[in-house]
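Below are the chains, spelled out letter by letter.
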Amino acid sequence: MVATDKRLETPKKSESASFNLATYLKERQQLCEQALDNSITVVYPEKIYEAMRYSLLAGGKRVRPILCLATADMIGGTIEMAMPTACAVEMIHTMSLIHDDLPAMDNDDYRRGKLTNHKVYGEDVAILAGDGLLALAFEHVATQTPANVPRDRVLQVIIRLGKALGAAGLVGGQVVDLESEGKSDISLETLNFIHNHKTAALLEACVVCGGIIAGASAEDVQKLTRYSQNIGLAFQIIDDILDITATQEQLGKTAGKDLTAQKVTYPSLWGIEESRAKAQQLVAEACAELESYGEKAIPLQALAHFITSRNH
Ligand SMILES: CC(C)=CCC/C(C)=C/COP(=O)(O)OP(=O)(O)O
Ligand SMILES: O=P(O)(O)OP(=O)(O)O
Ligand SMILES: [Mg+2]
Ligand SMILES: [Mg+2]
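- As recorded in an unreviewed UniProt entry, the chain goes by the name dimethylallyltranstransferase, listed as coming from Dolichospermum compactum NIES-806.
- Among the UniProt annotations of the chain, the heading Catalytic activity (unreviewed entry) holds the following wording: "isopentenyl diphosphate + dimethylallyl diphosphate = (2E)-geranyl diphosphate + diphosphate".
- According to the UniProt record, the Sequence similarities (unreviewed entry) comment for the chain is "Belongs to the FPP/GGPP synthase family."

Next comes the structure, spelled out in structure tokens:
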């Protein structure tokens, strides 16, 4: 393996030499954990709040809220401005995982290294915990975004989150995903539809909403959209590869599920190596979209690389 020296590679970018992704991720993860912990207080009826907290605080990489905060940063906003939106995207993501794991959908027993929500609280409460998180996401953005953020930005975020989550986003992607299971003749077009909706739509909302909260212009939004669509697809390609190559311990959920469920995936169509190359190409294109932001784009560019180099 060739050791890379960032200072030699990019001598003009002084920050790239000092930017340490591992430290950055750890610091941002801690901030997110704290904010998520504060977002739900357990009151009567305790069972539902506990079920919501169980999955929301079960770990996870926190890629989505960190992308949201990093984008707000790049556009010139603050963590305080973007944190309620960052928490909201993690609440929506957690809801989607709780519901995805239900017996009526993927019927999974483990998530984030723990028993799934319905295994602990029962199916009825798990459905409601997802519903509760979903409702809280919108309430949280509307009520907790600081007063110095113009309300039209908050409204834009609510509109985009709703769209990313509904039939035009996550829900639509999940429906096609479920109806494609067990079919071996799924086209690349259908596979792209599933992943652009099931995975990329929310990642796009994380990035673009982080930008909007910080006052992104129409031109910024265009660049952020292209960046996030590319990393969204790369994220899913790597997810498909990890399902084959990683262990249950690394993933915190059952490995090898796509093969068992005879799912058409990117590696099943292209092979692992070509899929990995495609993901790397998408990440390179995503990073190029942010060139005009100079050093300010370093964290988002590093996060894009993290998406393809992660092992869980
Ligand atoms: C509206 C709903 C419920 C959306 C679910 C969206 C989603 C990304 C599920 C996980 O996908 P997966 O089943 O392919 O991955 P995993 O292996 O993490 O379960
Ligand atoms: O880290 P997680 O659990 O939030 O999952 P994902 O890989 O979907 O980000
Ligand atoms: Mg699924
Ligand atoms: Mg699943």
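The discussion continues.
### Here's the deal with the coordination of the magnesium ion (ligand 3)
Line of reasoning, step 1. The magnesium ion (ligand 3) binds to the protein through Asp-100 (OD) and Asp-106 (OD); the donor distances cover 2.2 Å.
Line of reasoning, step 2. Between the magnesium ion (ligand 3) and the magnesium ion (ligand 4), a spacing of 3.1 Å is present, and a bridge between the two is formed by Asp-100.
Line of reasoning, step 3. On the basis of relative accessible area, Asp-106 is assigned to the partly exposed category, the value being 24%.

### Examining the side chain of Thr-199
Line of reasoning, step 1. With respect to the helices, strands and loops of the structure, Thr-199 is situated in helix α11 (residues 188-213).
Line of reasoning, step 2. Reaching out from Thr-199, the side chain makes a polar contact with the side chain of Gln-236 at a distance of 2.6 Å.
Line of reasoning, step 3. Once residues within four sequence positions are removed from consideration, Thr-199 is found in contact with Ile-194, Gly-232, Phe-235 and Gln-236.

### Points about the packing of aromatic side chains
Line of reasoning, step 1. One pass over the full model with this rule turns up three aromatic pairs.
Line of reasoning, step 2. Arranged with centres 5.1 Å apart and planes meeting at 55°, the rings of Phe-19 and Tyr-24 form a pair that is tilted.
Line of reasoning, step 3. With relative accessibility at 23%, the residue Phe-19 sits in the partly exposed group.
Line of reasoning, step 4. On the basis of an interplanar angle of 40° and a centroid distance of 4.9 Å, the ring pair of Tyr-266 and Trp-270 is categorised as tilted. One end of the pair is Tyr-266 and the other is Trp-270, both in helix α15 (residues 266-270) and four residues apart, which spans about a single turn.
Line of reasoning, step 5. Exposure remark for Tyr-266: the relative accessible area of 0% places this residue in the buried category.
Line of reasoning, step 6. Exposure remark for Trp-270: the relative accessible area of 22% places this residue in the partly exposed category.
Line of reasoning, step 7. The ring of Tyr-293 has Lys-223 sitting right over it, with the charged end atom 5.4 Å from the ring centre.
Line of reasoning, step 8. The aromatic ring of Phe-235 is capped on one face by Arg-310, whose charged end is 4.0 Å from the ring centroid.

### Let's talk about the site of ligand 2
Line of reasoning, step 1. Taken together, the residues surrounding ligand 2 are Gly-60, Lys-61, Arg-64, His-93, Arg-112, Phe-235 and Arg-310.
Line of reasoning, step 2. Between Arg-64 and ligand 2, the recorded distance is 2.7 Å, taken from a side-chain N or O atom to an oxygen atom.
Line of reasoning, step 3. One of the side-chain N or O atoms of Arg-112 is found 2.7 Å from an oxygen atom in ligand 2.
Line of reasoning, step 4. Protein contacts shield 88% of the accessible area of ligand 2, which totals 280 Å² for the unbound molecule.

### Points about helix α17 (residues 298-309)
For the α-helix, the turn length of 3.6 residues means that residues three or four positions removed from each other point alike.
Line of reasoning, step 1. Spanning twelve residues, α17 covers 16 Å between terminal C-alpha atoms, matching the ideal 16 Å at 1.5 Å per step.
Line of reasoning, step 2. The buried count for α17 comes to ten of twelve residues, which makes it a mostly enclosed element.
Line of reasoning, step 3. Residues of α17 that are buried: Ile-298, Pro-299, Leu-300, Gln-301, Ala-302, Leu-303, Ala-304, Phe-306, Ile-307 and Thr-308.

### A few points about the coordination of the magnesium ion (ligand 4)
Line of reasoning, step 1. Taken together, the protein ligands of the magnesium ion (ligand 4) are Asp-100 (OD) and Asp-106 (OD), with distances of 2.1 Å.
Line of reasoning, step 2. When its relative accessible area of 13% is taken as the criterion, Asp-100 is described as buried.

### What about the site of ligand 1?
Line of reasoning, step 1. If you check the shell around ligand 1, you find Ser-96, His-99, Asp-100, Asp-106, Arg-111, Val-171, Gln-174, Lys-198, Lys-253, Lys-257 and Lys-263 and nothing else.
Line of reasoning, step 2. Here Lys-198 contributes a side-chain N or O atom positioned 2.7 Å from an oxygen atom of ligand 1.
Line of reasoning, step 3. Contact between ligand 1 and Lys-257: an oxygen atom at 2.9 Å from a side-chain N or O atom of the residue.
Line of reasoning, step 4. The fraction of the free accessible surface of ligand 1 (510 Å²) that becomes covered by protein chains is 88%.
Line of reasoning, step 5. For the shell around ligand 1, the secondary-structure elements that each account for two or more residues are α6 (79-100) and α10 (170-180).
Line of reasoning, step 6. The dominant element in the shell around ligand 1, judged by the number of residues it contributes, is α6, at three residues.
Line of reasoning, step 7. Across the shell around ligand 1, the residue classes break down as one nonpolar, three polar and seven charged.

### Considerations on the nonpolar core
Line of reasoning, step 1. Counting residues in hydrophobic clusters, the biggest one holds 88 residues, and the most contacted among them are Leu-67, Leu-161, Tyr-227 and Leu-303.
Line of reasoning, step 2. For this core, the element with the most residues is α6, which contributes twelve residues.
Line of reasoning, step 3. Not counting chain neighbours up to four residues away, the residues in contact with Leu-161 comprise Ala-88, Val-89, Ile-92, Phe-138, Val-141, Ala-205 and Cys-209.

### Here we look at empty space enclosed by the protein
Line of reasoning, step 1. A full pass over the atoms with the stated rule returns one cavity of 30 Å³ or more.
Line of reasoning, step 2. Taken as a whole, the largest cavity encloses approximately 100 Å³ of empty space.
Line of reasoning, step 3. In terms of lining, the largest cavity is formed by 13 residues, of which the most central are Ser-55, Ile-98, Arg-111, Arg-112 and Asn-117.
Line of reasoning, step 4. At the level of secondary structure, the elements contributing two or more residues to the lining of the largest cavity comprise α4 (46-56), α6 and β2 (114-115).
Line of reasoning, step 5. Looking at the lining of the largest cavity element by element, the count peaks at three residues for α6.
Line of reasoning, step 6. Class assignment for the residues of the lining of the largest cavity results in five nonpolar, four polar and four charged.

Here is what the cut-offs are and how they apply
Residues numbered from 1 in each chain as written. Chains lettered and ligands numbered in written order. Predicted model: local features only at pLDDT ≥ 70, side-chain atom pairs only at ≥ 80, totals over all residues. Heavy atoms only, no water. UniProt positions renumbered as here; feature names shortened; annotations may be inferred. Donors = N, O, S within 2.8 Å, 3.2 Å for Na, K, Ca; no water. Buried < 20%, exposed > 50% of the residue type's maximum accessible area, 1.4 Å probe, protein only. Helix = DSSP H or I, 4+ residues; strand = E, 2+ residues; numbered from the N terminus. Polar contact = N/O pair within 3.5 Å; in protein donor to acceptor, adjacent residues only side chain to side chain. Contact = heavy atoms within 4.5 Å. Phe/Tyr/Trp six-rings, centres within 6.5 Å; stacked < 30°, edge-to-face > 60°. Lys NZ or Arg CZ within 6 Å of the ring centre and 35° of its normal. Near = heavy atom within 4 Å. Areas by Shrake-Rupley, 256 points an atom, 1.4 Å probe, with all protein chains shown as cover. Expected span 1.5 Å × (residues − 1). Nonpolar A, V, L, I, M, F, W, Y, C, P; charged D, E, K, R; others polar. Core = buried A, V, L, I, M, F, W, Y, C linked by side-chain atoms within 4.5 Å. 1 Å grid on protein atoms, 1.4 Å probe; cavity = no way out; pocket = protein on both sides within 12 Å on 5 of 7 lines; lining within 4 Å. Points joined across faces, edges and corners; volume = space filled by probe spheres on them.

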